[in-house]
Amino acid sequence: FSCCKSVLMLCWRAAGIATLLATFGIAPAAPILKVNVSDSGSFEVTLDGTLWLEGGEVRVGHLNSSELSRTGRREGKGTDALGGYTYKTIQWSKAGSKSTLIETSFRTYEADSSILVFEQFFPETLFLPARPWGKTMQAPATLFPSFRTSGPAKDLDCFAYHNIFPSLQHCTLGSYASSHQGGAPLVIYNATNGSAISKLPSMTVFSPLTTPKAQHMFAGDGLFGAGVKGTVRQIPAGWQQLFILSAGSGILDGMMSWGDRMLTFTGKPRADMYRDDVVGSIGFWTDNGGYYHYATGTNETYEETLPKVKAYHDSLGVPFKHWQFDSWFYPKDGKVDPGGGGGAVVNWTALPSVFPHGMAYIQSKLQVPMVMHNRQWSPTSDYVKHEPFKWHLSEKAAIPEDPEAFFRWFFTQQEGWGLSMYEQDWMCTEYDNVEALQTNISLADLWLRGMAIGAASSGRTVQYCMPYPYDVLSAAAYPAVTNARATGDYIDRDTQWAIGATSMFYWAIGILPFKDGFYSSNLPQTGGQIVGPEERPNRATLMATLSGAMVGPMDGIHLLNASRVMSTCRGDGKVLKPDRPIMPLESCFSRGVDPASCHKYSTYSDLNGLGRVFYIFMDVPGPLQLDEVMLTGHRAESFAVYDWYSSKITWLNSTSFTLSAGYEGHGYGMLSPVVGGWAFIGERAKLVPAASLRFKHFTNKHGLTVQVAGVTNEQLEVCAAEMQSGLLVCKQVSFQVSGTTEIEFSSTTVAFI
């Protein structure tokens, strides 16, 4: 297909920012957070010796600091998953009482001076007055830590994540507001002027460290902070709630440092982009906004239609390695609206009108791993009526009293389905409609834990869909949760593609940001749920590929754009991904810029022997400073800009460059270093031209030698540009069997041409 977007690929020899800083004489130094605690319990936080945040009040129930007495204080040392720490603890009682209501502690770590951990501990059971539950915002039942929004901190920039499919919202500390199940993580930063990133901003990230569904963020009364959520009726003796304040230099590195610490604490590794054929390869999806979402395009059943769709894909040579079934396949207790909302699940199995011969039969026809959708549990479900599990019942939804026991059993019930990934959708609806999830302090976290453990016990993974930010935070503890939806349903496609800001949150804590499925073609999808047409199919395909998560076209039969789909992957369907999901450029966080609407994104491939290659996307193309992608100090003449759509090469002779618009209006290109007199371009036909999955090793003794990996019967074109002549040289590579081979770009190659 015709390619007209400009992406930028940018490569440097250093393996990381620390190496890069050292190369140019900039000594990397970890930020230093300190907390100074007075005998009265007041405190202040400094960052690199400068006052950063001033402590606020402690609250318990209706009691604030003026109604609480400090009845004890102790100091000592301890160890947790983050390492050895020193703590200071203050005991608080109701004025006139000696009974301790809460102990508040500050932890500083010997091996990591860039974090502080705050602890709430309850030595005795605390009964709280009943408050309305549901979606009505309630102030936390307790508050610690809290910080003042007045003084020097008032005008600090900040952003936090809110709503379902968590989205970034910009703020200043004085205007920050929490939201229902949202407002975290909260990133506070000292924005710098202009797009030139000569000095990375100081920043901190504040979030819960444990049981994120048991807590809630707070903003009001000149304070912000967090505590046990306000709908809880009882805090049991021994309950502990931890919060983390993590410092960094620069937004992107600071977010990743926060995520590293979260994952160190939980012991979870970041998701493997190639864990299995669901995450690692292209698949066919039937989600909301796709052709086959509650529609088959004919009067035939899904059982009759889907094998024909698969045969069509096979005839095109498009090797989809997994399929997704959305909510259309199972029975519910109410009418489903056009967007798929409505009733709760009654029994998670096939409707006879959809698959008359059952789930194992349709799997025998498709023969690929499956992703399968589920929603909130009906209070009248067969699981409530007939199975030996006790349930918390509400009017519109239910939750098992012992989630782990239920899910361990539940995931034994899909024999023959090919189920590989369990998609838990409508997470917000489950939480908002079950009273016990809000009034019981531990149940919501146990719900998510039980789901993850149950899936893992059966060798399956989990996708979160329609999650709140606190749901996503919980995924930092569960290896089975490999990804979560990062945007709304594809049916709302105008801004649904813009995943960069949410991607930064998700990848920090180890989960992949799934964009949802998309139409690969700009043809009208007549007969499907949504006709369209998709006006920018290449942007949708590009964002899916650069997300690092699944790539899932949803076109109807005879409507798939095969060449566009194959631009995402190898010949066997394995997606050629960047090494990190796409995220905003650091300049999106400059003073006066709203990062929520800044759609300048970057990602990279790390290539052995060559370095790091950056890919740059701009929804509104224009000029870029080189140090928006790299720090200052680079020799601009050492790079070549490759426009992905036009194939134009520009040799840099300054510190700025311009991306031009492709046929859909956005810009996408490649900035490659000159090594051995050559700038490596890679596979021009692929959206990620220099994927590390494809290019295994580089040497530059006599020009540029590249080790290329391919699969059986694959034909590749691999390109590089010579700086002296300005020529683009492309070589054909064929693989009769899967393996690796080497190609060389040298002056002899150019002379031969």
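For the structure given in this document, a descriptive report is provided here. In this text, all values refer to a predicted model and were calculated from it rather than measured experimentally. (Residues numbered from 1 in each chain as written. Predicted model: local features only at pLDDT ≥ 70, side-chain atom pairs only at ≥ 80, totals over all residues. Heavy atoms only, no water.)

1. So, the overall build of the chain
Filter applied, for reference: Secondary structure elements are taken from DSSP: a helix is a run of H or I of four residues or more, a strand is a run of E of two residues or more, and numbering for both begins at the N terminus. Should any heavy atoms of two residues lie within 4.5 Å, those residues are considered in contact. What sets the accessible areas is the Shrake-Rupley method with a 1.4 Å probe; for residues, cover comes only from the shown protein chains. The positive count covers Lys and Arg only, the negative count covers Asp and Glu only, and His and the chain ends enter neither. Throughout, a charge is located at the NZ atom of Lys, the CZ atom of Arg, the CG atom of Asp or the CD atom of Glu.
Of the regular secondary structure elements, the chain holds 15 helices and 43 strands. Considering only C-alpha atoms, the chain reaches an extent of 95 × 70 × 40 Å along its principal axes. Of the contacts made within the chain by residues no fewer than 6 positions apart, 70% connect residues no fewer than 24 positions apart. Accessible area for the chain stands at about 26300 Å²; split by element, carbon and sulfur atoms hold 50% of it. Each charge class in the chain can be summarised by its mean position, and for the 58 positive and 67 negative side chains these summaries are 2 Å apart.

2. Here's the deal with the state of the cysteines
The criterion, for reference: What counts as a disulfide here is a pair of cysteine sulfur atoms lying within 2.5 Å. Exposure is judged per residue with a 1.4 Å probe applied to protein chains only, and the accessible area is read against the type maximum: over 50% gives exposed, under 20% gives buried, and values in between give partly exposed.
For the structure on display, the rule yields 3 disulfides. Through a disulfide, Cys719 is tied to Cys730; the S-S separation comes to 2.1 Å. Looking down the S-S bond of the Cys719 and Cys730 bridge, the torsion is 110°, so its handedness is right-handed. Of this pair, Cys719 sits in strand β41 (residues 714–722) while Cys730 is found in strand β42 (residues 728–735), placing the two residues 11 residues apart along the sequence. Cys730 gets classed as partly exposed once you look at its relative accessible area, which sits at 27%. Described in terms of the sequence order of its bonded cysteines, the disulfide pattern of the chain is 1-2, 3-4, 5-6.

3. Focus on the pattern of salt bridges
Charged atoms that come close allow side chains of opposite charge to pair. Note the threshold: In what follows, salt bridge is the name for a side-chain nitrogen of Lys or Arg lying within 4 Å of a carboxyl oxygen of Asp or Glu.
Scanning all chains against the criterion turns up 27 salt bridges. For the salt bridge of Lys213 with Asp471, the shortest nitrogen-to-oxygen distance reads 2.8 Å. Residue Lys213 is located in the loop between β16 (202–208) and β17 (215–220), and its partner Asp471 is located in helix α11 (residues 469–474); the two are separated by 258 residues in the primary sequence. Residues Lys213 and Asp471 agree in their burial class; the two are buried.

4. As for the layout of surface pockets
In this approach a probe as big as a water molecule rolls over the atoms, and the regions it shows empty are the leftover space. Test applied: A 1.4 Å probe that fits but cannot get out identifies a cavity on a 1 Å grid over protein atoms alone, an open set with protein on both sides within 12 Å along at least five of seven lines counts as a pocket, and a residue lines either if it has an atom within 4 Å of a point. Grid points are joined across faces, edges and corners, and a volume is the space filled by probe spheres set on the points. Three residue categories are used. Nonpolar comprises Ala, Val, Leu, Ile, Met, Phe, Trp, Tyr, Cys and Pro, charged comprises Asp, Glu, Lys and Arg, and polar comprises the others, including Gly.
Within this model, the second largest pocket holds a volume of roughly 340 Å³. Lining the second largest pocket are 22 residues; nearest its centre among them are Ser167, Thr487, Thr495, Ala498 and Thr502. It is helix α12 (residues 500–508) that contributes the most residues to the lining of the second largest pocket, 3 residues altogether. When grouped by side-chain class, the residues that make up the lining of the second largest pocket number 13 nonpolar, 8 polar and 1 charged.

5. Observations regarding the packing of aromatic side chains
Which entries qualify depends on this criterion: Within 6.5 Å between ring centres, the rings of Phe, Tyr and Trp (the latter by its six-membered ring) count as paired, and their orientation is classed by plane angle as stacked under 30 degrees, edge-to-face over 60, tilted in between.
Per the stated rule, a full pass over the model turns up 67 aromatic pairs. Ring plane angle 55° and centroid distance 5.5 Å describe the contact between Tyr85 and Tyr109, whose orientation is recorded as tilted. With Tyr85 in strand β7 (residues 83–94) and Tyr109 in strand β8 (residues 100–109), the pair connects residues that are 24 residues apart, well separated along the chain. For the pair Tyr85 and Tyr109, one class covers both residues: buried.

6. Focus on the sheet that holds strand β22 (residues 322–325)
Short version of the rule: For two strands to be treated as a pair, DSSP must find at least two bridges joining them. Axes, fitted as lines to C-alpha atoms, cover a helix only where it is in contact. Angles between the N-to-C directions of the axes lie from 0 to 180 degrees.
Read from one edge to the other, the open sheet built from 7 strands follows the order β21-β22-β23-β26-β27-β28-β29, with strand pairing classed as parallel. Every other strand in the sheet has two partners, leaving β21 (283–284) and β29 (512–514) as the edge strands with one partner each. Sheet topology places β22 next to strand β23 (residues 370–374); 3 bridges connect them, and they run parallel. By the bridge assignment for β23, Phe325 is matched with Met372. The strands touched by helix α5 (residues 359–366) are β22 and β23; relative to β22, the strand with the most contacts, the crossing angle is about 145°.

7. A closer look at helix α2 (residues 251–266)
For the record, the criterion: Residue count minus one, scaled by 1.5 Å, sets the expected span of a helix.
With 16 residues, α2 should cover 22 Å at 1.5 Å per step; its first-to-last C-alpha distance of 23 Å lies within 8% of that length. Of the residues making up α2, those classed as buried are Ile251, Leu252, Gly254, Met255, Met256, Trp258, Gly259, Arg261, Met262 and Leu263. The first or second residue beyond α2 is Gly267, which carries a positive phi of 85°.

8. Notes on the packing of α2 against α12
Two measures define how a pair of helices packs: the angle their axes make with one another and the distance between the axes. What counts is decided by this rule: Roughly parallel means an angle under 35 degrees; roughly antiparallel, over 145; roughly perpendicular, 65 to 115; everything else is oblique.
Orientation of α2 relative to α12, taken along the N-to-C sense of each, is 30°, at an axis distance of 8 Å. Overall, the two elements α2 and α12 adopt an arrangement that is roughly parallel. For the pair α2 and α12, contact is made by Ile251, Leu252, Met255, Met256, Trp258, Gly259, Asp260 and Leu263 and by Met504, Phe505, Trp507 and Ala508, respectively. Per-class residue counts for the contact of α2 with α12 are 10 nonpolar, 1 polar and 1 charged.

9. Notes on the side chain of Lys577
What counts, and what does not: A 3.5 Å cut-off defines polar contacts: any pair of N or O atoms within that distance qualifies, except that in protein one atom must be a possible hydrogen donor and the other a possible acceptor, and neighbouring residues in sequence count only when both atoms are side-chain atoms.
Relative to the helices and strands, Lys577 resides in the loop between α14 (562–566) and β30 (583–584). One buried charged residue, Lys577, remains without a salt bridge, the closest side chain of opposite sign being Asp272 at 7.6 Å. Engagement of the side chain of Lys577 in a polar contact is seen with the backbone oxygen of Met273, the distance being 2.9 Å. For Lys577, the side chain forms a polar contact with the main-chain oxygen of Gly548, separated by 2.7 Å.

10. Topic: the packing of helix α7 (residues 403–410) against helix α10 (residues 443–457)
Formally: Handedness of a crossing is defined here by the sense of rotation of the near helix relative to the far one, left-handed for an anticlockwise turn of less than a right angle and right-handed for a clockwise turn.
At their nearest, the axes of α7 and α10 sit 7 Å apart, and the two run at 25° to each other. Between α7 and α10, the interaxial angle falls into the category roughly parallel. The hand of the α7/α10 crossing is right-handed. Side by side, α7 and α10 meet where Pro403, Glu404, Phe407 and Arg408 of the first sit next to Leu443, Leu446, Trp447, Arg449, Gly450, Met451, Ile453, Gly454 and Ser457 of the second. Taken together, the residues that form the contact of α7 with α10 break down as 7 nonpolar, 3 polar and 3 charged.

11. A closer look at empty space enclosed by the protein
In the structure shown here, the tally under the stated rule is 4 cavities of 30 Å³ or more. The volume enclosed by the largest cavity comes to roughly 100 Å³. Within this model, the second largest cavity holds a volume of roughly 50 Å³. Considering the residues around the second largest cavity, the lining is formed by Asp287, Asn288, His293, Asp326, Ser327, Gly339, Gly340, His373, Arg375, Asp425, Trp426 and Asp489. Looking at the lining of the second largest cavity residue by residue, the classes come out as 1 nonpolar, 6 polar and 5 charged.

12. Regarding the sheet that holds strand β12 (residues 146–148)
Spatially, β12-β18-β17 is the arrangement adopted by the 3 strands of the open sheet, whose pairing is antiparallel. With partners counted over all chains shown, the strands left at the sheet margins are β12 and β17, one partner each. Averaged over all neighbouring strand pairs, the angle between strand axes comes to 15°, with direction disregarded. Bridge count for β12 against strand β18 (residues 223–228) is 3 bridges, and the pairing is antiparallel. If you follow Phe147 over to β18, its bridge partner there is Phe224.

13. A look at the side chain of Glu119
Looking at the secondary structure, you find Glu119 in strand β9 (residues 115–122). A relative accessible area of 11% places Glu119 in the buried class. A distance of 3.3 Å separates a polar atom in the side chain of Glu119 from a polar atom in the side chain of Arg107. At 3.1 Å, the side chain of Glu119 and the side chain of Gln240 are in polar contact.

14. Structural notes on the nonpolar core
To keep it simple, the criterion reads: Among buried residues, those of type Ala, Val, Leu, Ile, Met, Phe, Trp, Tyr and Cys that are joined through side-chain atoms within 4.5 Å constitute a nonpolar core.
Of all hydrophobic cores here, the largest spans 173 residues; its most connected members are Phe325, Phe329, Trp348 and Phe355. With 46 residues, the next largest nonpolar core counts Leu607, Ala640, Trp644 and Tyr645 among its residues.

15. Some details on the environment of Phe43
Structurally, Phe43 is set in strand β3 (residues 43–47). Residues Phe43 and Gln496 lie 453 residues apart in sequence; the distance between their C-alpha atoms is 43 Å. In contact with Phe43, other than residues within four places in its own chain, are Val35, Asn36, Val37, Glu54, Gly55, Gly56, Phe106, Phe118, Phe144, Pro145, Ser146 and Phe147.

16. Some words on the pairing of strand β40 (residues 704–710)
With 6 of 7 residues buried, β40 lies mostly within the body of the structure. In the sheet, strand β39 (residues 695–699) pairs with β40 via 4 bridges, with the strands oriented antiparallel. When the bridges of β40 are listed, His697 appears paired with Gln707. Between the antiparallel neighbours β39 and β40 lie 4 residues, among them Gly703 with a positive phi of about 95°.

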